Amino acid sequence: MKVYLDGQLVEEADAKISVLDHGLLYGDGIFEGIRIYDSNIFRLDEHLERFEYSAKAILLKMPWTREEISEAVCATCRANGLKDGYIRLVATRGKGDLGLSPWLCPVPSLIVIADKIKLYPPEHYEKGLAIVTVPTRRMNPAALSPAIKSLNYLNNILAKIEAQQFGALEAIMLNDQGMVAECTGDNVFIVHKGKIYTPSAQQGALKGITRDTIFDIAADLGLPIAEHDLTRYDIWNADECFLTGTGAEVIPVVKLDGREIGSGQPGPIFKQVLEAFRIRVRQEGTRL
Ligand SMILES: Cc1ncc(COP(=O)(O)O)c(CNc2cccc(C(=O)O)c2)c1O
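This text gives an overview of the structure that appears in the document. (Residues numbered from 1 in each chain as written. Predicted model: local features only at pLDDT ≥ 70, side-chain atom pairs only at ≥ 80, totals over all residues. Heavy atoms only, no water.)

Notes on the site of the ligand
Around the ligand sit 19 residues in total, of which Tyr 153, Glu 182, Ile 209, Thr 210 and Thr 246 are the nearest. Interatomic distance of 2.7 Å between a side-chain N/O atom of Tyr 153 and an oxygen atom of the ligand. One can see that the ligand is located within the largest pocket. Listed by contribution, the elements that provide at least two residues to the shell around the ligand are helix H6 (209-221) and strand E13 (240-245). Grouping the amino acids of the shell around the ligand by side-chain chemistry returns four nonpolar, ten polar and five charged. (Near = heavy atom within 4 Å. Polar contact = N/O pair within 3.5 Å; in protein donor to acceptor, adjacent residues only side chain to side chain. 1 Å grid on protein atoms, 1.4 Å probe; cavity = no way out; pocket = protein on both sides within 12 Å on 5 of 7 lines; lining within 4 Å. Sits in = over half its atoms within 2 Å of the grid points. Helix = DSSP H or I, 4+ residues; strand = E, 2+ residues; numbered from the N terminus. Nonpolar A, V, L, I, M, F, W, Y, C, P; charged D, E, K, R; others polar.)

Structure, rendered in structure tokens:
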């Protein structure tokens, strides 16, 4: 597999960064997870915009233009003959002396990995997931904003560990106020009495690209949709629940904390949304 590393496409075995890279030493860096469908890089521009927002939020001055990063992503997909798969775009603060200060790192690093994606098994989309609420809370935005897609994913990983200990593939994370924020790697939606709801990003969630796509799909389908604070009670008593993310796409949830949601089966609005999503991902974006 060819990896893009600081301007060069190298074999994965030769794609090495310094042990003094602050992305490794301190998680000082940002990333994006992007999908390519049939040679269409879905919403690449939107991902690159969020990448730039994450960089600004951590004062990481990227010396590359959006076009240069876009071309690096496309070149890496082409070099691997990747028409369908997953792209991981990473910028680290770069190599520097030991010590927290970003000013120790004069040159940031840019990495692009383009590979096949391991998908959720199809039965999870047919039957739906049974998930749990975990004790680990989503980070307080005043500590480290969940809106920054940073290399600091331990908050998510600790929640993922708890989910797996409870026998679940995903977990609801609450924020400091006990409101639903999101899952470890997905945004959360419910359907109640024909209307779709999802927490606002202010509740401590990443502004998901897939989440944004659902708003556009709902508008196209004439489905009412709104941001709304959600509690676990709202999810337990919802008619439908589904998660959205670049990895999971749109995946139904039929049980939370042992409470069956709606009929206990993936609902009709989820099915409508997923069908529209699967069409849209091949239309919108940057063609290789
Ligand atoms: C914490 C968090 N919240 C929401 C999302 C969904 O955002 P997007 O709709 O922009 O992807 C994410 C992103 N989650 C994500 C991205 C890429 C891959 C995988 C995976 O499960 O392998 C997960 C995420 O990490």
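Quick look at the environment of Arg 50
Tracing the sequence through the fold places Arg 50 in helix H2 (residues 44-57). Note on Arg 50: relative accessible area 9%, which makes it buried. Measuring from C-alpha to C-alpha, the distance between Arg 50 and Gly 194 comes to 31 Å, with 144 residues separating the pair along the chain. Look past the residues within four positions of Arg 50 in its chain and what remains in contact with it is Glu 32, Lys 149, Leu 206, Lys 207, Gly 208 and Ile 209. (Buried < 20%, exposed > 50% of the residue type's maximum accessible area, 1.4 Å probe, protein only. Contact = heavy atoms within 4.5 Å.)

Overview of the sheet that holds strand E16 (residues 285-287)
Pairing in this open sheet of seven strands is antiparallel, and the strands run E2-E1-E6-E5-E3-E4-E16 from one edge to the other. Bordering the open sheet on either side are strand E2 (8-11) and E16, each of which pairs with just one other strand. Each strand of the sheet is rotated relative to its neighbour by a mean of 25°, with strand direction disregarded. Of the strand pairs in this sheet, strand E4 (residues 40-42) and E16 are connected by three bridges, and their pairing is antiparallel. Bridged to Ile 41 within E16 is Thr 286. Against the sheet, H2 makes contact with strand E3 (29-37), E4, strand E5 (85-92), strand E6 (109-115) and E16, and its axis sits at roughly 175° relative to E3, the strand it touches most. (Pairing = 2+ DSSP bridges. Axes fitted to C-alpha atoms, helices over the stretch in contact; angles between N-to-C directions.)

Focus: the pattern of salt bridges
What the rule picks out here adds up to 14 salt bridges. Across the salt bridge formed by Arg 66 and Glu 52, the nearest N and O atoms sit 2.8 Å from each other. Here the residue Arg 66 occupies a position in helix H3 (residues 66-79), and Glu 52 occupies one in helix H2, the gap between them amounting to 14 residues. Residue class for Arg 66 comes out partly exposed when judged on its relative accessible area of 26%. A salt bridge links Arg 278 to Glu 249; the shortest N-O distance between them is 3.2 Å. Here Arg 278, found in helix H8 (residues 268-280), pairs with Glu 249, found in strand E14 (residues 249-256); they are 29 residues apart in sequence, far enough to count as distant. (Salt bridge = Lys/Arg side-chain N within 4 Å of Asp/Glu carboxyl O.)

Section: helix H5 (residues 154-165)
End to end, H5 covers 16 Å across twelve residues, agreeing with the expected 16 Å (1.5 Å per residue, within 8%). Along H5, the positions that sit buried rather than exposed are Asn 155, Asn 156, Ala 159, Glu 162 and Ala 163. The buried side chains of H5 occupy one side of the element, clustering within an arc of 120° when seen end-on. Exposed residues lying more than 90 degrees from the buried face of H5 are Leu 154, Gln 164 and Gln 165. Residues of H5 that are buried make contact with strand E7 (129-133) and strand E8 (171-174). Downstream of H5 by a residue or two, Gly 167 has a phi angle that is positive, lying close to 75°. (Expected span 1.5 Å × (residues − 1). Arc of directions from axis to C-beta.)

Notes on the nonpolar core
Core analysis: the largest hydrophobic core is formed by 40 residues, its most contacted members being Ile 172, Val 188, Ile 196, Ile 235, Phe 242 and Val 250. Ranked by the residues each element gives to this core, the list is headed by H8, at six residues. The contact partners of Ile 235, leaving out residues within four places of it in the chain, are Ile 172, Val 180, Val 188, Ile 190, Cys 241, Leu 256 and Ile 261. Listed in part, the 26 residues of the second largest apolar core include Ile 41, Phe 51, Ile 58 and Ala 91. (Core = buried A, V, L, I, M, F, W, Y, C linked by side-chain atoms within 4.5 Å.)

Describing the layout of surface pockets
Taken as a whole, the largest pocket holds about 990 Å³ of empty space. Lining the largest pocket are 38 residues, and of these Tyr 86, Arg 88, Gly 185, Asp 186 and Gly 247 sit closest to its centre. Looking at the lining of the largest pocket, the elements that each hand over two or more residues are E3, H2, E5, H5, strand E9 (180-183), H6 and E13. Taken together, the residues of the lining of the largest pocket break down into 14 nonpolar, 13 polar and eleven charged. Domain assignment of the residues forming the lining of the largest pocket places at least three in each of domain 1 (2-115) and domain 2 (123-285). Approximately 240 Å³ is the volume found for the second largest pocket. (Points joined across faces, edges and corners; volume = space filled by probe spheres on them. Domains from an automatic or database assignment.)

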